[in-house]
Amino acid sequence: MKIAAAVMFLVIGFCLYADDPRLAEIDQLYATASKARENSDPAYHLIRFWDEEAGDLSNWSEVGLADQDSPAVFEIRLYVKNGRVYMVTLFETSPSGDWTRYSEYCFRNDGTTACVYAQFSTFFGNVIVERVYYLDVQGKEIKTTKTVKDLETAEPMEDQPGTYMEQPPIVPASYRELKKLLELPGLDILSSEKTGTITTKK
């Protein structure tokens, strides 16, 4: 999945929007971050699962430390270099398994979001919906793309809105915003508003 996401992202970026220097810069940033991620382990690997007794999601916990019987419905990996979160991957699924979503978040040195890749797969329409969001430093969308594929063959198909179910991904302006939206206080990870760096509470 990682390779497919990287290939799709680079093809879209370099082939379709190479005339915009901001997009080319983002493509290069994403390529560098993806290579770094492939050659390293996540600094943090957290999960949330569906708690049947509570009828709600559990709190975030470290993989391997969670006492659970149900499969994870949220799984997040944070990749850190020189004290800075440069990429986050997020896997989500419904408790029933009717849909899944895999997302990648790539961040600039200042902690702002450069791009988001999201792949949503669902049995409600039997499709895969791939989206790529390019963002500027203010968090405004520069460009978005959408590709719809057949769930079984993964071949591109005509987009027919209304014939399938889709839940758009979170598109935050920064790592700090993503952390807040996902309620990620579990390991006392703090994000600097200016630098995007993380520290651990003593």
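Preceding this section is the structure that the text describes.
Here's what I pulled together on the structure shown here. What you see as residue numbers is a count from 1 along each chain, following the sequence as written. Per-residue local features of the predicted model are confined to residues with pLDDT of at least 70, and side-chain atom pairs are confined, for both listing and counting, to 80 or more; whole-chain, interface and lining totals are unaffected and use all residues. Remark: hydrogens and water are excluded; side-chain values derive from all non-hydrogen atoms of the structure.

### Looking at the pairing of strand 6 (residues 99-107)
Part 1: Burial status follows relative accessibility: with a 1.4 Å probe on protein chains alone, a residue under 20% of its type maximum counts as buried, one over 50% as exposed, and anything between as partly exposed. Numbered from the N terminus, helices here are DSSP runs of H or I no shorter than four residues, and strands are runs of E no shorter than two. The buried fraction of strand 6 is high, at eight of nine residues.
Part 2: Between any two strands, pairing holds if DSSP finds at least two bridges. Looking at chain direction, strand 5 (residues 84-93) and strand 6 are connected through seven bridges and run antiparallel. Each bridged residue has a counterpart across the sheet, and for Met87 the counterpart in strand 6 is Cys106.
Part 3: The hairpin formed by strand 5 and strand 6 contains five residues between the paired strands, and Gly97 there has a positive phi angle of roughly 80 degrees.
Part 4: Bridge count between strand 6 and strand 7 (residues 113-122): nine bridges; the pairing is antiparallel. Considered in strand 7, the bridge of Trp99 is made with Thr122.
Part 5: Where strand 6 folds back on strand 7, the antiparallel hairpin that results is connected by five residues, among which Gly111 adopts a positive phi of roughly 90 degrees.

### Thoughts on empty space enclosed by the protein
Over the atoms rolls a probe the size of a water molecule, and in doing so it shows where empty space is left.
Part 1: Detection works on a 1 Å grid of protein atoms alone, calling trapped sets that fit a 1.4 Å probe cavities and calling open sets with protein on both sides within 12 Å along at least five of seven lines pockets, with lining residues defined by an atom within 4 Å of a point. Grid points are joined across faces, edges and corners, and a volume is the space filled by probe spheres set on the points. What the rule picks out here adds up to one cavity of 30 Å³ or more.
Part 2: A volume near 30 Å³ is recorded for the largest cavity.
Part 3: If you trace the largest cavity, you find it lined by Arg101, Ala118, Gln119, Phe120, Val129, Arg131, Glu166, Gln167 and Pro169.
Part 4: Secondary structure elements with two or more residues in the lining of the largest cavity: strand 7 and strand 8 (127-135).

### Let's talk about the side chain of Ser174
Part 1: Looking at the element boundaries, Ser174 is found in the loop between strand 9 (141-150) and helix 3 (175-181).
Part 2: Ser174 gets classed as buried once you look at its relative accessible area, which sits at 17%.
Part 3: The contact partners of Ser174, leaving out residues within four places of it in the chain, are Phe107, Gly111, Thr112 and Thr113. In this analysis, two residues are considered to be in contact whenever any of their non-hydrogen atoms come within 4.5 Å of each other.

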